[in-house]
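Geometric and topological summary
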Amino acid sequence: MPYQADPLSEKLDKFAEKTGMPALSRKLNSTMPVRFRAIPLVLLAAAVAGLWVQIAVSDLFGYLVVMIAWMVGSGVQAFSAAGNARGAKLDEREAALVRSGHFAGGLAALGVAVLGCFLLGMASVANQVRLGDFWVPGTGTDWFALAFFLLAVEANVATMAASAKLPPDLDDEDDE
Amino acid sequence: MKRIYNRIAVFRAEAGISRKALAEKVGVNPQTIGFLERGDYNPSLEMALNIAQVFKVPVELLFSFKPFPSVAEALLGQGDT
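As the structure is a prediction and not an experimental result, all values here were calculated from the model.

Here the focus is the overall build of chain A. Within chain A one finds six helices and zero strands. For chain A, the succession of helices and strands along the chain, N to C, is α-α-α-α-α-α. For chain A, the C-alpha radius of gyration of 22 Å lies well beyond 16 Å, the compact-globule estimate for 176 residues. The dimensions of chain A, computed from C-alpha atoms along their principal axes, are 80 × 40 × 20 Å.

For chain A, per-residue confidence averages 89 on the pLDDT scale, and 91% of positions sit at 70 or higher. The secondary-structure element of chain A with the lowest mean pLDDT is helix 2 (residues 21–29) of chain A, recorded at 72, while helix 5 (residues 92–128) of chain A shows the highest, at 96.

Turning to the environment of A:L150, a few remarks are in order. All names here are of chain A. Within the element layout of this structure, L150 appears in helix 6 (residues 140–165). A sequence separation of 80 residues divides L150 from W70, and the C-alpha atoms of the two residues are 8.7 Å apart. Discounting chain neighbours no more than four positions away, the residues touching L150 are A109, V112 and A113.

Attention now moves to helix 3 (residues 38–56) of chain A. All names here are of chain A. The end-to-end C-alpha distance of helix 3, which contains 19 residues, comes to 27 Å, matching closely the 27 Å that a straight helix rising 1.5 Å per residue would cover. Considered for burial, the residues of helix 3 that qualify are P40, L43, L44, A47, G50, L51, V53 and Q54. In this structure, the buried residues of helix 3 make contact with helix 4 (61–78) and helix 6.

For the structure on display, the rule yields five salt bridges over all chains. For A:E10, the salt bridge identified is with A:K14, shortest N-O distance 3.4 Å. With a gap of four residues between them, A:E10 and A:K14 both fall in helix 1 (residues 7–19), about one helical turn apart. Overall, A:K14 belongs to the partly exposed group, its relative accessible area being 43%. Close ionic contact of B:E37 with B:R12 constitutes a salt bridge, the shortest N to O distance being 2.5 Å.

The rules behind the values
- Residues numbered from 1 in each chain as written.
- Chains lettered and ligands numbered in written order.
- Predicted model: local features only at pLDDT ≥ 70, side-chain atom pairs only at ≥ 80, totals over all residues.
- Heavy atoms only, no water.
- Helix = DSSP H or I, 4+ residues; strand = E, 2+ residues; numbered from the N terminus.
- Rg over C-alpha atoms; globule rule 2.2 N^0.38 Å.
- pLDDT = per-residue confidence, 0-100.
- Contact = heavy atoms within 4.5 Å.
- Expected span 1.5 Å × (residues − 1).
- Buried < 20%, exposed > 50% of the residue type's maximum accessible area, 1.4 Å probe, protein only.
- Salt bridge = Lys/Arg side-chain N within 4 Å of Asp/Glu carboxyl O.

Here is the structure:
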């Protein structure tokens, strides 16, 4: 609610409210975790695109894209049901949401890692017997890109899983 | 998972305490009390006992595997006997 005493302050406050930043700030600082659906998906797509760039286009640029997808994903996760940006003591329901989110994220990352190892192993064998010229990680940035890709998968899947398990918002919280 | 019904909202209304106040006494987030009342979350035995302790009633008066009768049904039932 805009400040109502000094006309200049009131106008500045109204302007600030119109930007949406105070509302976003209130939402992020509230005790309610934010339900993220699209942003983690976009970040996962960015991580996949970054890995593709690393493999097919640039040795450095792709790695950076994957790293940014993980960093932003971790930031988003902090405000989701899988994180604890407030640093408050979590009750059993909140802690269970964090655990189940990270379990899903860890499982997804493990699945990607196992599948990736098989595919890279087969690619390596195919290269050795001259069946083709498949990409296998060779440089340091390749390995960093793969590590950040797995981290991005964990962070974003955990956010999505915890958000999906979060019950719908309570509409009768007037007594809080 | 089997649904656990509760009448926390009824006891809370009778005691005249808000969700936030109950949450503070139990040591949980007020949102958790809301989800409990709505049946979106089944509490642990520890949380159920803590809530029962706040209202000073046995835990089976607050939680049940069967739906609780409404206040009207309970009152009508009492009138019959």
